[in-house]
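The chain contents come next:
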Amino acid sequence: MTRGVVTEEGGRQNIYAIEPTVYVAQDSGMGFTKRAETLNGRLAMIGFVSAILLEVITGHGVLGFLANLSNVQ
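Reading the values: the criteria
All residue numbers refer to position in the chain's written sequence, counted from 1. Reporting of local features is limited, given that this is a predicted model, to residues whose pLDDT is at least 70; pairs of side-chain atoms are given and counted only at 80 or more, and all residues count toward the totals for whole chains, interfaces and linings. Excluding hydrogens and water, the side-chain figures rest on all heavy atoms present in the structure. In this description a helix means any DSSP run of H or I spanning at least four residues, a strand means any run of E spanning at least two, and both kinds are numbered starting from the N terminus. Here the Shrake-Rupley method, with its probe set to 1.4 Å, supplies the accessible areas, and only the displayed protein chains count as covering residues. Patch definition: residues above 30% relative accessible area lacking any salt bridge, with like charges linked at up to 9 Å and the nonpolar side chains Val, Leu, Ile, Met, Phe, Trp and Tyr linked at up to 5 Å. Salt bridge, as applied in this entry: a Lys or Arg side-chain nitrogen positioned within 4 Å of an Asp or Glu carboxyl oxygen. pLDDT expresses, on a scale from 0 to 100, how confident the predictor is about each individual residue. Residue count minus one, scaled by 1.5 Å, sets the expected span of a helix.

## Considering the overall build of the chain
Secondary structure assignment for the chain yields two helices and two strands. Written out in order from the N terminus, the α and β elements of the chain read β-β-α-α. For the chain, the exposed surface amounts to about 7100 Å²; the carbon and sulfur share of it is 61%.

This is the structure:
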């Protein structure tokens, strides 16, 4: 079998895909990795800035904003 092609008895060819080499990462990517901590820090910064912007725009904090939403209905 060369390059993923097999010729059968009747002269028909079965063409198979060539399998790529398998890469196995040494670390699992789970737990307290540098990438996970960086992502967590960036999401925390986005949340903090969003809370400040919400307070500047509405004049209420996050809890006050949510309380006003429930009274509107």
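## Some points on a nonpolar patch on the surface
On the surface, a nonpolar cluster with roughly 640 Å² of combined accessible area is contributed by Phe48, Val49, Ile52, Leu53, Val56 and Ile57. You can see Leu53 is positioned in helix H1 (residues 34-58).

## Here's the deal with the confidence of the model for the chain
Confidence in the prediction for the chain averages 81 pLDDT; 89% of positions are at 70 or higher. Across the chain, H1 holds the top mean pLDDT of 92, while strand S1 (residues 5-7) sits lowest at 77.

## Quick notes on H1
Between its terminal C-alpha atoms H1 stretches 36 Å, which fits the 36 Å expected from 25 residues at 1.5 Å a residue. Phi for Gly59, located one or two positions after H1, is positive at around 85°.

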